[in-house]
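So the chains spell out like this:
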Amino acid sequence: RATAAATATTTRAMRASVVSRGGAARRGAVVVSRAGKAPTTVEYQRQQAKMMVKYFKDKQYEEAVEDAQVFGFTPKNEINNGRWTMFGLLVGMLTEIATGVDFPDQINLTLSVLGITDFEP
């Protein structure tokens, strides 16, 4: 019984300190009391919640800007570049198997047929 009375006295003192600081006088205004520090008020929690909402909105905006980028070294562009490179190497290997002309000679032959260079095969 003595413990219950001490707890009730402590709770009343905490609520009184909140009211004296300009906090809300309604029940549940004091949520948590940290050891040796001022109690956490509902207003403090609201401010922290607003800061979290702002942080996540900014984070979402940054991701949208990054996804909207078309040119440059974006993850989507790099994946497509890698896929086209793998496709080109596959076609080069299949052409080498079919014709017997190795990959560098295929490039030389293509450039000379297009009239870009004068390599002799």
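K.L.:
Would you mind going over the confidence of the model for the protein in detail, with residue names and values included?
P.N.:
Overall, the predicted model of the protein reaches an average pLDDT of 78, with 68% of residues at or above 70. Looking over the protein, one finds the lowest element-wise mean pLDDT in helix 1 (residues 2–20), namely 51, and the highest in helix 3 (residues 75–99), namely 93. Residue range residues 18–25 is modelled with pLDDT below 50. Its contacts to residues more than four positions away, or to other chains, number 11 contacts.

K.L.:
Tell me about the packing of aromatic side chains, residues and numbers included.
P.N.:
Aromatic rings considered in pairs are described by the distance between their centres and by the relative angle of their planes. Inspection of every chain in the model, using the stated rule, returns 2 aromatic pairs. Between W84 and F87, the aromatic rings sit 6.0 Å apart at their centres with planes inclined by 85°, giving edge-to-face as the arrangement. Separated by 3 residues within a single helix, W84 and F87 lie in helix 3, roughly one turn from each other.

K.L.:
So what's going on with the environment of N108? Residues and values would help.
P.N.:
Turning to its location among the elements, N108 is positioned in helix 4 (residues 103–113). Residues N108 and D118 lie 10 residues apart in sequence; the distance between their C-alpha atoms is 8.7 Å.

K.L.:
For the pattern of salt bridges, give the residues involved together with the corresponding values.
P.N.:
Side chains that differ in sign of charge can pair as their charged atoms come close. Taken as a whole and assessed by the stated rule, the structure comprises 2 salt bridges. In this structure, E43 and R46 form a salt bridge, with 3.6 Å as the shortest nitrogen-oxygen distance. Here E43 and its partner R46 are both found in helix 2 (residues 42–68), 3 residues apart, which amounts to about one turn of the helix. Residue classification places E43 among the partly exposed positions, given a relative accessible area of 41%. Among the salt bridges present, the one from D58 reaches K54, with a minimum N-O distance of 3.2 Å. Here D58 and its partner K54 are both found in helix 2, 4 residues apart, which amounts to about one turn of the helix.

K.L.:
Help me get a handle on the side chain of T74, residues and values and all.
P.N.:
Within the fold, T74 resides in the loop between helix 2 and helix 3. At 3.1 Å, the side chain of T74 forms a polar contact with the side chain of N77.

K.L.:
Give me the lowdown on a nonpolar patch on the surface, citing residues and values where you can.
P.N.:
Nonpolar side chains collect at one region of the surface, where L89, L90, M93, L94, I97, F103 and I107 lie side by side and expose about 670 Å² of accessible area between them. Looking at the nonpolar patch, the element that brings in the most residues is helix 3, giving 5 residues. Topologically, I107 is positioned in helix 4. When its relative accessible area of 40% is taken as the criterion, I107 is described as partly exposed.

Rules used in this analysis
Starting from 1, residues in each chain are numbered consecutively following that chain's sequence as written. Reporting of local features is limited, given that this is a predicted model, to residues whose pLDDT is at least 70; pairs of side-chain atoms are given and counted only at 80 or more, and all residues count toward the totals for whole chains, interfaces and linings. To get the side-chain values, all heavy atoms of the structure are used, and hydrogens and water are removed first. The predictor attaches a confidence to each residue, called pLDDT, with possible values from 0 through 100. A run of DSSP states H or I qualifies as a helix once it reaches four residues; a run of E qualifies as a strand once it reaches two. Both are numbered from the N-terminal end. We call two residues in contact whenever any of their non-hydrogen atoms come within 4.5 Å of each other. For Phe, Tyr and Trp, rings pair up if their centres lie within 6.5 Å, where Trp contributes its six-membered ring, and each pair is then called stacked (planes under 30 degrees apart), edge-to-face (over 60) or tilted (otherwise). Any carboxyl oxygen of Asp or Glu within 4 Å of a side-chain nitrogen of Lys or Arg constitutes a salt bridge here. When accessible area is computed with a 1.4 Å probe and restricted to protein chains, residues below 20% of their type maximum are described as buried, those above 50% as exposed, and intermediate ones as partly exposed. Residues adjacent in sequence count toward polar contacts only when both atoms are side-chain atoms; beyond that, a polar contact is any pair of N or O atoms within 3.5 Å, and within protein one must be able to donate a hydrogen and the other to accept it. Exposure above 30% relative accessible area and the lack of any salt bridge qualify a residue for a patch; like charges then connect within 9 Å, and the nonpolar side chains Val, Leu, Ile, Met, Phe, Trp and Tyr within 5 Å. Computed by Shrake-Rupley with a 1.4 Å probe, the accessible areas treat only the displayed protein chains as cover when residues are assessed.

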